[in-house]
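What follows is the residue order along each chain.
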Amino acid sequence: MMPQTADLDTMADALGARGWIVVPSFFAAAEVAALAADCRALDAAATLMPAATGREAGRRQAGLRGDRTRWFEPDALSSPQAAYWQAMDALRRGLNQRLLLGLESLEAHYALYPPGAGYARHRDRFRDDDARVLSSVCYLNEGWQPADGGVLRLHLTDGVHDVVPQDGTLALFLSAEIEHEVLPAQRERLSIAGWFRRRELAHG
Ligand code: OGA
Ligand code: MN
């Protein structure tokens, strides 16, 4: 799956104008189903870990977020992960041609929210890590119903916008600017959170 030129133009326009965009069916159903199966297999093998916030390895803030995560390793991607990575890299290059964001690399992890888990309101750029420029979330949940809850709530200057975590949907928003939260869901909720990063400046 590769983003088409017309889609990239539309996405770049919206991102440039207001700093966020939601694209339903950005990823194909078969691709997303393979990613969901990959994520569930990794979780069954107990390789998803309770998430930490910020870069403080191991320091849990259990009250803040209730998901389990596993980082993608660029040198050891499963085949569904490689397809995701390729699509996201094409997106990165396409956005760089249209916006002056200087997106240089991608980091991404699976996230599994058990029923009842959420992620309190936050921004994705941390005090000790200001390299994140553009946040992305790709949803892996087939047949999500409004009653299942679990929306991604974007807090915008003119109110909130709720994103239903339907499979194939891609949400993009500026990491430094847009506060957001994950509301608890009635069922297990799977996603891939990815961050496009700029070059890190050497600290003196
Ligand atoms: C995050 C996050 C949103 C979502 O991982 O930082 O905000 O909808 N995820 O899963
Ligand atoms: Mn976030």
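Each residue is numbered by its place in its chain's sequence as written, counting from 1. Working convention: letters from A go to chains and numbers from 1 go to ligands, in the order in which they are written. The model is predicted, so local features are restricted to residues of pLDDT at least 70 and side-chain atom pairs to those at 80 or more, both for listing and for counting; the totals for chains, interfaces and linings are taken over all residues. Hydrogens and waters are ignored; side-chain quantities use all the structure's heavy atoms.

Turning our attention to the coordination of the manganese ion (ligand 2). Reference geometry at the metal: tetrahedral coordination by four donors gives ideal angles of 109.5 degrees; octahedral coordination by six donors gives 90 or 180 degrees. For Na, K and Ca the donor cutoff is 3.2 Å, while for all other metals N, O and S atoms count as donors only within 2.8 Å; water does not appear among the atoms, so some sites may look incomplete. Protein coordination of the manganese ion (ligand 2) is provided by H122 (NE2), D124 (OD) and H180 (NE2), with donor distances spanning 2.1 to 2.2 Å. For the manganese ion (ligand 2), all donor residues lie on one chain, and their spacing in sequence is H-x1-D-x55-H. With D124 in the loop between strand 5 (119–122) and strand 6 (132–139) and H180 in strand 10 (residues 179–182), this residue pair connects regions lying 56 residues apart in the sequence. Both residues of the pair, D124 and H180, belong to the buried class. Think of it this way: any DSSP run of H or I at least four residues long counts as a helix, any run of E at least two long counts as a strand, and we number them from the N terminus. Three labels apply to residues, based on accessible area from a 1.4 Å probe with only protein chains included: buried if under 20% of the type maximum, exposed if over 50%, partly exposed otherwise in between.

Turning our eyes to something else, we now look at the pairing of strand 3 (residues 68–71). Sheet analysis places strand 2 (residues 49–50) next to strand 3, joined by 2 bridges and oriented antiparallel. Note on strand 3: the bridge partner recorded for P50 is R68. Pairs of strands are assigned from DSSP output, requiring at least two bridges between the strands. The pairing of strand 3 with strand 4 (residues 105–113) spans 4 bridges and is classified as antiparallel. Residue pairing for strand 4: T69 is matched across the bridge by A111.

Right, let's talk about the packing of helix 1 (residues 5–18) against helix 3 (residues 79–98) for a bit. Helices that pack against each other are described as a pair by the angle of their axes relative to one another and the distance between those axes. Orientation of helix 1 relative to helix 3, taken along the N-to-C sense of each, is 60 degrees, at an axis distance of 10 Å. Of the possible angle classes, the one that applies to helix 1 and helix 3 is oblique. You can see that helix 1 and helix 3 cross each other, and the crossing is right-handed. Here T5, L8, D9, M11, A12 and L15 of helix 1 come into contact with helix 3, specifically with L91, G94, L95 and R98. Lines fitted to the C-alpha atoms define the axes, with helices restricted to the stretch that makes contact. Angles between their N-to-C directions range from 0 to 180 degrees. Angular relationships are summarised with four words: roughly parallel below 35 degrees, roughly antiparallel beyond 145, roughly perpendicular across 65 to 115, and oblique for the angles in between. Put simply, a crossing is left-handed when the front helix is turned counterclockwise from the back one by less than a right angle, and right-handed when it is turned clockwise. Contacts: residue pairs with any heavy atoms within 4.5 Å of one another.

Glancing now at the sheet that holds strand 8 (residues 159–163). Pairing is antiparallel across the open sheet formed by 4 strands, whose spatial order is 5-10-7-8. For this open sheet the edge positions go to strand 5 and strand 8, each flanked by a neighbour on one side alone. Along the sheet, successive strands turn relative to each other by an average axial angle of 15 degrees, direction set aside.

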